[in-house]
Amino acid sequence: EAQVTQNPRYLITVTGKKLTVTCSQNMNHEYMSWYRQDPGLGLRQIYYSMNVEVTDKGDVPEGYKVSRKEKRNFPLILESPSPNQTSLYFCASSLSGTGFNEQYFGPGTRLTVT
Amino acid sequence: AQTVTQSQPEMSVQEAETVTLSCTYDTSESDYYLFWYKQPPSRQMILVIRQEAYKQQNATENRFSVNFQKAAKSFSLKISDSQLGDAAMYFCAYRTPLLHGNKLVFGAGTILRVKS
């Protein structure tokens, strides 16, 4: 089944404790992206990767890092989480970063930072 | 900067009736794409319908249709014969092929409640 998977689905952590949210897709997509969803703000892009060689910041990259060592995986890293990073996170992928390509979303990761 | 506005935080509809969700956007681009996503309580983002800006004909997918008014920068979603399973948060989103990062720009969302 073609899909985007994220792990964990739920995470409660404390301020400053490094964490990684994994994202993997099995559709051989070039483009991958991370969004965060907050009430009243919709979804906002954190980072994106056009392919394994190109990764860049989105609209709200502060406090996050990403890595694209292989095409199928695009982990989101929070080196020192803070309470304002409490949010619902989505990974998405599409065939390419150009044109009219549908973005497929993962199931979401609910993160709480206390 | 591109922005997407959904002016209705919540809407209600009676089962089997029709409801329209509003969306306006701001852009200086001429080539772009518009989407409606549904987010049920499971939180999964589900693509409902999409529209390419250069196509004047409004997109339709079964009970879902859009009213795309390019000059007015309006992109409303009409749900006909509403069903209980339509209850969800609906997001309007915009994307341009030239936009840095190929990102989707989302509105704040509209919660749709369906009454039986």
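Described in the following lines is the structure provided in the data block. (Residues numbered from 1 in each chain as written. Chains lettered and ligands numbered in written order. Predicted model: local features only at pLDDT ≥ 70, side-chain atom pairs only at ≥ 80, totals over all residues. Heavy atoms only, no water.)

Of regular secondary structure, chain B possesses zero helices and twelve strands. For chain B, the α and β elements follow one another from N to C terminus as β-β-β-β-β-β-β-β-β-β-β-β. Against the compact-globule benchmark of 13 Å for 116 residues, chain B has a radius of gyration of 14 Å, which places it among compact chains. By principal-axis analysis of the C-alpha atoms, chain B measures approximately 45 × 30 × 20 Å. Per-residue burial over chain B gives 51% buried out of 116 residues. Looking at chain B alone, contacts between residues at least 24 apart form 56% of all its contacts between residues at least 6 apart. (Helix = DSSP H or I, 4+ residues; strand = E, 2+ residues; numbered from the N terminus. Rg over C-alpha atoms; globule rule 2.2 N^0.38 Å. Buried < 20%, exposed > 50% of the residue type's maximum accessible area, 1.4 Å probe, protein only. Contact = heavy atoms within 4.5 Å.)

A volume near 160 Å³ is recorded for the largest pocket. As for the largest pocket, its lining consists of 13 residues, of which Gln37(A), Asp38(A), Pro39(A), Gln39(B) and Met89(B) are closest to the centre. Elements with a minimum of two residues in the lining of the largest pocket: β4 (31–38) of chain A together with β10 (88–95) of chain B. Across the lining of the largest pocket, the residue classes tally to six nonpolar, four polar and three charged. (1 Å grid on protein atoms, 1.4 Å probe; cavity = no way out; pocket = protein on both sides within 12 Å on 5 of 7 lines; lining within 4 Å. Points joined across faces, edges and corners; volume = space filled by probe spheres on them. Nonpolar A, V, L, I, M, F, W, Y, C, P; charged D, E, K, R; others polar.)

To continue, consider the interface of chain A and chain B. With 30 residues of chain A at the interface, the matching set in chain B holds 22 residues. At the boundary of chain A with chain B, total buried surface from both sides reaches about 2,200 Å², with 49% on carbon and sulfur atoms. Along the contact surface separating chain A from chain B lie zero salt bridges. There are three residue pairs in polar contact (both at pLDDT 80 or more) connecting chain A and chain B. (Buried area = accessible area lost by both parts, 1.4 Å probe. Salt bridge = Lys/Arg side-chain N within 4 Å of Asp/Glu carboxyl O. Polar contact = N/O pair within 3.5 Å; in protein donor to acceptor, adjacent residues only side chain to side chain.)

Moving on to the state of the cysteines. Going through the model one piece at a time under the given rule, you end up with two disulfides over all chains. Here Cys23(A) is linked by a disulfide to Cys91(A), with a sulfur-sulfur distance of 1.8 Å. Taking the torsion about the S-S bond as the criterion, the Cys23(A) to Cys91(A) disulfide, at about -70 degrees, is left-handed. Here the residue Cys23(A) occupies a position in strand β3 (residues 19–25), and Cys91(A) occupies one in strand β9 (residues 87–94), the gap between them amounting to 68 residues. Of the residues examined, Cys91(A) reaches a relative accessible area of 0% and is grouped as buried. Across the disulfide, Cys23(B) is cross-linked to Cys92(B) (sulfur-sulfur distance 2.0 Å). Sign of the S-S torsion, about -70 degrees for the bond between Cys23(B) and Cys92(B), identifies this disulfide as left-handed. On the criterion of sequence distance, the pair formed by Cys23(B) in the loop between β3 (19–21) and β4 (24–26) and Cys92(B) in strand β10 is long-range, its members being 69 residues apart. For the pair Cys23(B) and Cys92(B), a shared accessibility class is recorded, and that class is buried. (Disulfide = S-S within 2.5 Å.)

Picture the strands of a sheet paired through backbone hydrogen bonds; they go either parallel or antiparallel. Judged by pairing direction, the sheet is antiparallel, and its four strands sit side by side in the order β1-β3-β8-β7 (chain A) without closing on themselves. Of all the strands in the sheet, the pair left with one neighbour each is β1 (4–7) and β7 (65–66) of chain A. (Pairing = 2+ DSSP bridges.)

With 26 residues, the main nonpolar core has Tyr25(B), Trp36(B), Phe75(B), Leu77(B), Tyr90(B) and Leu112(B) as its most contacted residues. Looking at this core, the elements with two or more residues in it are β3, β5 (33–39), β6 (46–52), β8 (64–69), β9 (74–79), β10 and β12 (110–115) of chain B. In terms of residues, this core owes the most to one element, β10(B), which gives four residues. Not counting the four nearest positions on each side in its chain, Leu77(B) is found in contact with Val19(B), Thr20(B), Leu21(B), Trp36(B), Ile49(B), Phe64(B), Ser65(B), Val66(B) and Tyr90(B). Judged by nonpolar contacts, the second largest core, of 19 residues, contains Val21(A), Met27(A), Met32(A) and Leu111(A). (Core = buried A, V, L, I, M, F, W, Y, C linked by side-chain atoms within 4.5 Å.)

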